[in-house]
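# Topology and contacts: notes
Chain by chain, the residues:
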Amino acid sequence: MAMKSYKARGIVLGTLKYGEKGVIVHLLTDIYGRQSYMIQGVRPTAKGSKMALLQPMFAVEFEGLQSPKMSMHRIKEISPAIALQSTPFDVRKSTMALFMAEVLYRLIRDNEHHDELFEIVWASVAALDALEEGIANFHLWFLANLSRPLGFSPDNAYSEGAWLDIRDGHFTHHVIAPSMAIAPNNARILHDMLECDVRYLAEIGLNRNERSSFLEDMLRYYAFHLDAIHSVESLRIMREVF
């Protein structure tokens, strides 16, 4: 059977060296969900090397090749789709990108195609690059909004003083077991993150302790629905930096 060629968009989630000049790149794609690709003839130190395009959360356009005879798709051509101006050069943003890429890699299974999720992540790449204020809140905004396509975003209207039941994603004023709930302070922050236009993240004024507390609650929320969140290694770095 002939090799099939296709055009797609992708977001880099990670890479793995393969032999002397090969690399396996994990992409979140717009047509195949999370997919692994082989790229041959890559010299990391060479001028114009494709490795420059394969950094965490870089958005690319590529021509893929697949065949029943190949265990993995191949990439024939690849080019940048979003010209990033600040993320690669800002340690705060590049740390955010590393965290986002690992979360996506851990939580999304191979070949799991989801249009809404892809478009949210694609827009987030550009949003992080353009952001000038509120950068320390971006990973919290990203986790809050990623819960929408993953299927466990809060499903009812928020009201002041409400708790969030993490089992069904329901805001409630009935006191429930703390282990199964997000307390009012962080429930309000979750609501704010879901309602906030990313350009105005700086207006959600959080200090380091508040960010840390909210992140812990979001991780509990995610962990109830998706166990793989526990294996995200870059969480330690996020706690130290933000």
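Residues numbered from 1 in each chain as written. Predicted model: local features only at pLDDT ≥ 70, side-chain atom pairs only at ≥ 80, totals over all residues. Heavy atoms only, no water.

## Remarks on the packing of aromatic side chains
This model, assessed by the stated rule, comprises eight aromatic pairs. Site record: aromatic cluster; members linked through ring pairs are Tyr6, Tyr32, Tyr37 and Phe62. Taking NZ or CZ as reference, Arg9 lies 4.7 Å from the ring centre of Trp122, over its face. We note Arg34 situated over the ring of Tyr105; from NZ or CZ to the ring centre the distance is 4.2 Å. (Phe/Tyr/Trp six-rings, centres within 6.5 Å; stacked < 30°, edge-to-face > 60°. Lys NZ or Arg CZ within 6 Å of the ring centre and 35° of its normal.)

## Considering the sheet that holds strand E4 (residues 59-66)
An order of E1-E2-E3-E5-E4 is seen for the five strands of this closed barrel, with the pairing classed as mixed. With strand direction ignored, the average angle separating the axes of adjacent strands in the sheet is 55°. Note: strand E1 (residues 4-18) against strand E2 (residues 22-29), eight bridges, orientation antiparallel. The residue of E2 that forms the bridge with Gly10 is Thr29. Of the strands in this sheet, E1, E2 and strand E3 (33-39) touch helix H1 (residues 91-107), which is tilted by about 110° from E1. On the sheet, helix H2 (residues 115-130) packs against E1, E2 and E4 and is oriented at approximately 65° with respect to E1. (Pairing = 2+ DSSP bridges. Helix = DSSP H or I, 4+ residues; strand = E, 2+ residues; numbered from the N terminus. Axes fitted to C-alpha atoms, helices over the stretch in contact; angles between N-to-C directions. Contact = heavy atoms within 4.5 Å.)

## A closer look at the nonpolar core
One finds Met57, Phe62, Val121, Phe138, Met193 and Leu201 to be the most contacted residues of the largest nonpolar core, which totals 76 residues. Considering each element in turn, this core owes the most residues, eight residues, to H1. What Phe138 contacts, discounting residues up to four positions off in sequence, is Met96, Met100, Ser124, Ala127, Leu128, Leu131, Val198 and Leu201. (Core = buried A, V, L, I, M, F, W, Y, C linked by side-chain atoms within 4.5 Å. Buried < 20%, exposed > 50% of the residue type's maximum accessible area, 1.4 Å probe, protein only.)

## Concerning empty space enclosed by the protein
Applying the stated criterion across every chain, the model contains one cavity of 30 Å³ or more. The biggest single contributor to the lining of the largest cavity is H2, with three residues. Partitioned by chemical class, the residues of the lining of the largest cavity number four nonpolar, two polar and no charged. (1 Å grid on protein atoms, 1.4 Å probe; cavity = no way out; pocket = protein on both sides within 12 Å on 5 of 7 lines; lining within 4 Å. Points joined across faces, edges and corners; volume = space filled by probe spheres on them. Nonpolar A, V, L, I, M, F, W, Y, C, P; charged D, E, K, R; others polar.)

## Looking at helix H3 (residues 138-150)
Here H3 is 13 residues long and its end C-alpha atoms lie 18 Å apart, about the 18 Å a rise of 1.5 Å per residue gives. For H3, the tally of buried residues reaches 11 of 13 residues, placing the bulk of the element in the interior. (Expected span 1.5 Å × (residues − 1).)

## Looking at the packing of H3 against helix H4 (residues 184-195)
For the pair H3 and H4, the least separation of the axes is 9 Å and the interaxial angle reads 80°. The angle between H3 and H4 falls in the class roughly perpendicular. Here Leu140, Trp141, Ala144, Asn145 and Arg148 of H3 lie close against H4, whose contacting residues are Leu190, Met193 and Leu194. (Parallel < 35°, antiparallel > 145°, perpendicular 65-115°, else oblique.)

These results come straight from atomic positions and should not be treated as a statement about function.
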